[in-house]
Amino acid sequence: MDIDDIQHVTVLGAGSMGHGITEVTALAGYDVVMRDIEQEIVDDGYESIRWSLDKLAEKGLVEQAPDDVMGRITTAVDLEEAVADADLVIEAAPEQMSIKKDVFGDLAEYAPADAILASNTSSLSITEIASATDDPSRVVGMHYFNPPVKMDLVEVIYGTETADETAEAAYAFVESCEKTPIFVRKDVNGFVVNSVLGPFGDEAAWMVSDGEATVEQADAAMVHQRGYPMGPFELSDLTGIDIGYHVRKEAGKPIPPIVQEKVDAEELGQKTGTGYYDYEDGEGTTYEPGDGEGFDTLRIEARMVNEAAKLVGNDVATAEAIDTGMRLGAGFPEGPCRRADKEGLDSVLDKLRTLHEETGADRYEPADYLVDLVESGKTGQDAGEGFYSYGGSDGEREYHTIQHSLSEDGLLEITLDRPERLNALNGDLMEEVMHLLDTTPTDDVRAVTFEGTGGRAFSAGADITGFAGIEPHEKGVTEFFETVANYPKPTLAKIDGYCLGGGNELALACDLRIATEDSEFGFPEINLGLIPGGGGTQRAIRMLSDARAKELVFRGHRIDAELAEEWGLINRAVDDDEFDDVVAEYVDDLVTGPPIALEKAKRVMNAGRDQDLSAGLELEAQAFGLLLGTEDMQEGAAAFMEDREAEFEGR
Ligand SMILES: C/C=C/C(=O)SCCNC(=O)CCNC(=O)[C@H](O)C(C)(C)COP(=O)(O)OP(=O)(O)OC[C@H]1O[C@@H](n2cnc3c(N)ncnc32)[C@H](O)[C@@H]1OP(=O)(O)O
């Protein structure tokens, strides 16, 4: 069975995961049967899908009519009937091994012999589930995150006997649903995301139990200094303190006293009204940004990195898969491997070794893979290699936040690739763009385009989660925008979706801007108590009327592409269907145009804009004189006389 053979999908379970997976699958165009054990549960699930689709349509997040999507879904209670024609069955039954095994035993009997049988378990062994079938090679884990419609990640997990063909088809299926799969190549407890996430709460709980920190201090530090979406205790209250407790118990791991106390007192978090915070009489979390002072954040992060190193070293997952998993599955601001490479793997190892020596606790024992990296000098970004390669003298640099390609005709296409954050600009992304522009031989480039991935945004601005812990003296982002603005070749921003804040400033640093009609522009910084800091105030006031520029900056509202075109903020607002063609026409002019003349035109126009007219004219005259002596100029004139297209060589 491969992806082309998958037409009919059956989802077993109509609860929150089951109906979410059904919705995602139907949205991708598949026929889906959603089955549960009682008609009432199935009906509730079906109604929930309709409600969700209506909401998505209302917000303009799906183009398909909800009725069309619902038309692909049928419901069933009878298992035999539900799976009779299935090419892929995704089980989303309650998380109990006995139930899963019963279901998979039935699937072995009733599903077609070549159907892929997937379990959406988040914690149970795929190998054991597969043992209930006659053919474990066709059983695979497909762990969706909650809610499936919103969460982009799916872990595709191998059981001991899962065939590559099965796992690869499941992976391709996830991609076909426009979700992001990562391979978990061994059936380890917690798979990738929960394995790495475990120490986040665990280490914080030990630190509080040992009197080394307070709950508020830990949460404030991890959120406001390190940019995590929630603090470890806040997260634990949300998921249920008993959940982490049972996971530790089952894995035979020691329980931090503070966790034991909470479980004994049945204060399990939000669901019981009290956990580490009070949700009944109090207002929930009580930490303030400054509370994190003095907290040892590396202690938590070093343990997460150690877990990641174990997964890489044991061939469970690649560093890239782990980082993707943690960003998309847990909302981490960046993956632990990438963050550790920047921190320095030697510092991480030192921290673990020191704690191991001081406490003797197994949880600090460094992973062999981490030790090997450090001992072979691969200590991270500064060393040119760590979990990732940074292209020292002998290697090509891997980028993590951008994609790029350079065509034979000299078009350098740069794609901002942080779709889960609407392509928000963080330090890595800006550094990677600058590195790419600095290291790509300019003679090979005739034009550059910038665009965003994910279909929702060019870029929603600077990454707000990265503002955590920034000191006032670290404020400089100007270098990035100036690198783009001063790049010697013409640049064009292809805008499809939100173009806000720093994203708007990146677009304004480009020479040309083409946008789809449903794109939106603005400087929302004022709503954050900021002003545009990447040249936005200055470029806008030079580009627009004083009143319009100030309106954008002072009010922080968004304007649509049509108005942006009318105001002169962009070159063209075009219909979605015409977007690629219009961009291609512009790009064609740029890559076939005379390179030296284009470069000079850009330089004198940019420099002249900030000078008085006579100085600008002087610049223009010098450039004009120089161009008269180029072969390109002779070629242009000859082509005109011969009535043919000129072929400019940049000489
Ligand atoms: C020098 C430059 C300074 C600046 O640029 S300051 C930043 C200026 N930009 C902004 O203030 C825009 C912030 N973003 C938004 O207001 C909203 O987003 C949008 C209106 C653009 C879209 O709203 P919706 O459709 O509801 O999407 P969603 O759930 O808010 O966004 C999807 C995910 O993207 C993350 N995200 C969006 N913008 C940023 C950002 N600028 N920095 C960091 N993350 C961002 C969100 O948090 C969320 O993530 P999750 O799914 O984990 O909740």
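Residues numbered from 1 in each chain as written. Predicted model: local features only at pLDDT ≥ 70, side-chain atom pairs only at ≥ 80, totals over all residues. Heavy atoms only, no water.

Looking at an unreviewed UniProt entry, one finds the chain named enoyl-CoA hydratase, with Halomarina oriensis as its source organism. Looking at the chain in UniProt, the text filed under Pathway (unreviewed entry) is "Lipid metabolism; fatty acid beta-oxidation." (UniProt positions renumbered as here; feature names shortened; annotations may be inferred.)

Asks: It is not clear to me how unusual backbone geometry should be interpreted in this structure. Could you clarify?
Replies: Geometrically, the link from Asn 146 to Pro 147 is a cis peptide bond, its omega value of -5 degrees lying close to zero. Inspection of the secondary structure puts Pro 147 in the loop between strand 6 (139–144) and strand 7 (153–158). Here Glu 266, not a glycine, exhibits a phi torsion of approximately 55 degrees, which is positive. Along the polypeptide, Glu 266 turns up in the loop between helix 12 (257–264) and helix 13 (297–313). (Helix = DSSP H or I, 4+ residues; strand = E, 2+ residues; numbered from the N terminus.)

Asks: What is the right way to look at the site of the ligand in this model?
Replies: Taken together, the neighbourhood of the ligand is formed by 22 residues, with Arg 456, Ala 460, Ala 462, Ile 464 and Gly 502 sitting nearest. Here Glu 420 contributes a backbone N or O atom positioned 3.4 Å from an oxygen atom of the ligand. A distance of 2.8 Å is found between an oxygen atom of the ligand and a backbone nitrogen or oxygen belonging to Gly 502. Calculation on the ligand without its partners gives an accessible area of 960 Å², and the protein chains cover 69% of this total. Every element with two or more residues in the shell around the ligand is listed here: strand 14 (498–500) and helix 20 (501–509). A total of 3 residues in the shell around the ligand trace back to one element, the largest contributor, which is helix 20. (Near = heavy atom within 4 Å. Polar contact = N/O pair within 3.5 Å; in protein donor to acceptor, adjacent residues only side chain to side chain. Areas by Shrake-Rupley, 256 points an atom, 1.4 Å probe, with all protein chains shown as cover.)

Asks: Is there a simple way to think about the sheet that holds strand 16 (residues 520–522) in this case?
Replies: One key point about sheets: their strands pair by backbone hydrogen bonds, in either a parallel or an antiparallel sense. With respect to topology, 4 strands assemble into an open sheet ordered 12-14-16-17, the strand pairing being mixed. If you trace the sheet from one side to the other, it starts and ends with strand 12 (457–459) and strand 17 (558–560), each paired once. The sheet shows a mean angle of 20 degrees between the axes of neighbouring strands, taken without regard to direction. Judged from the 2 bridges that link them, strand 12 and strand 14 form a sheet pairing that is parallel. Bridge pairing links Ala 457 to Tyr 498 in strand 14. Lying over the sheet, helix 20 contacts strand 12, strand 14 and strand 16, oriented at roughly 90 degrees with respect to strand 14. (Pairing = 2+ DSSP bridges. Axes fitted to C-alpha atoms, helices over the stretch in contact; angles between N-to-C directions. Contact = heavy atoms within 4.5 Å.)

Asks: Can you walk me through the UniProt feature "domain: 3-hydroxyacyl-CoA dehydrogenase C-terminal" (unreviewed entry) in the chain in this structure?
Replies: As annotated by UniProt and renumbered to match this structure, "domain: 3-hydroxyacyl-CoA dehydrogenase C-terminal" (unreviewed entry) occupies residues 190–279 and 294–390. Spanning residues 190–279, this segment combines 60% helix with 0% strand, and its end C-alpha atoms are found 28 Å apart.

Asks: In this structure, what is going on with the UniProt feature "domain: 3-hydroxyacyl-CoA dehydrogenase NAD binding" (unreviewed entry) in the chain? I would like to understand it.
Replies: Mapped onto this numbering, the UniProt entry annotates "domain: 3-hydroxyacyl-CoA dehydrogenase NAD binding" (unreviewed entry) at residues 8–187. Structurally, residues 8–187 comprises 41% helix and 22% strand, and the distance from its first C-alpha atom to its last is 27 Å.

Asks: Help me out: how do you make sense of the environment of Thr 133 in this one?
Replies: Mapped onto the elements, Thr 133 comes out in the loop between helix 6 (126–130) and strand 6. Separated by 25 residues in the primary sequence, Thr 133 and Ala 108 place their C-alpha atoms 5.2 Å from one another. A distance of 3.3 Å separates the side chain of Thr 133 from the backbone nitrogen of Asp 135, its partner in a polar contact.

Asks: How should I be thinking about the nonpolar core in this particular structure?
Replies: One broad trend across soluble globular proteins is that nonpolar side chains are buried collectively. Core analysis: the biggest nonpolar cluster contains 92 residues, and Leu 107, Phe 233, Val 259, Ile 322 and Phe 387 have the highest contact counts within it. Per-element accounting of this core gives the leading share, 9 residues, to helix 13. Once you skip the residues sitting within four places of it in the chain, Val 259 turns out to touch Ala 205, Ile 241, Tyr 245, Arg 248 and Tyr 276. Core analysis: the second largest hydrophobic core is formed by 44 residues, Ile 414, Phe 450, Phe 480 and Cys 510 among them. (Core = buried A, V, L, I, M, F, W, Y, C linked by side-chain atoms within 4.5 Å. Buried < 20%, exposed > 50% of the residue type's maximum accessible area, 1.4 Å probe, protein only.)

Asks: Sorry, what's going on with helix 20 here?
Replies: In an α-helix, one full turn covers 3.6 residues, which means residues spaced three or four apart are oriented alike. Of all 9 residues making up helix 20, 9 are buried, and the element is well covered by its neighbours. Every buried residue belonging to helix 20 is among Gly 501, Gly 502, Gly 503, Asn 504, Glu 505, Leu 506, Ala 507, Leu 508 and Ala 509, and all of these are buried.

Asks: How should a nonpolar patch on the surface be read in this particular structure?
Replies: A cluster of nonpolar side chains, namely Ile 464, Phe 467, Leu 528 and Leu 530, defines an oily patch on the protein surface of about 340 Å² accessible area. For Phe 467, the position within the fold is in the loop between strand 12 and helix 19 (478–485). By relative accessible area, Phe 467 is classed as partly exposed at 34%. (Patch = residues over 30% accessible without salt bridge, like charges linked within 9 Å, V, L, I, M, F, W, Y side chains within 5 Å. Salt bridge = Lys/Arg side-chain N within 4 Å of Asp/Glu carboxyl O.)

Asks: Is there a simple way to explain the confidence of the model for the chain in this structure?
Replies: On average, the chain scores 93 in pLDDT, and the residues at 70 or more come to 98%. Both confidence scores are given for the complex: pTM 0.78, ipTM 0.98. (pLDDT = per-residue confidence, 0-100.)

Asks: Honestly, the pairing of strand 15 (residues 512–516) in this entry has me stumped. Any pointers?
Replies: Here is the key point about a regular strand: its side chains alternate between the two faces of the sheet. Where burial is concerned, most of strand 15 is hidden: 5 out of the 5 residues are buried. Burial along strand 15 is two-sided: Leu 512, Ile 514 and Thr 516 facing one way and Arg 513 and Ala 515 facing the other are all buried. Bridge count between strand 13 (residues 491–495) and strand 15: 4 bridges; the pairing is parallel. Residue pairing in the sheet places Leu 492 in a bridge with Leu 512 of strand 15. Strand direction decides the pairing type here: strand 15 and strand 18 (residues 572–574), joined by 3 bridges, are parallel.

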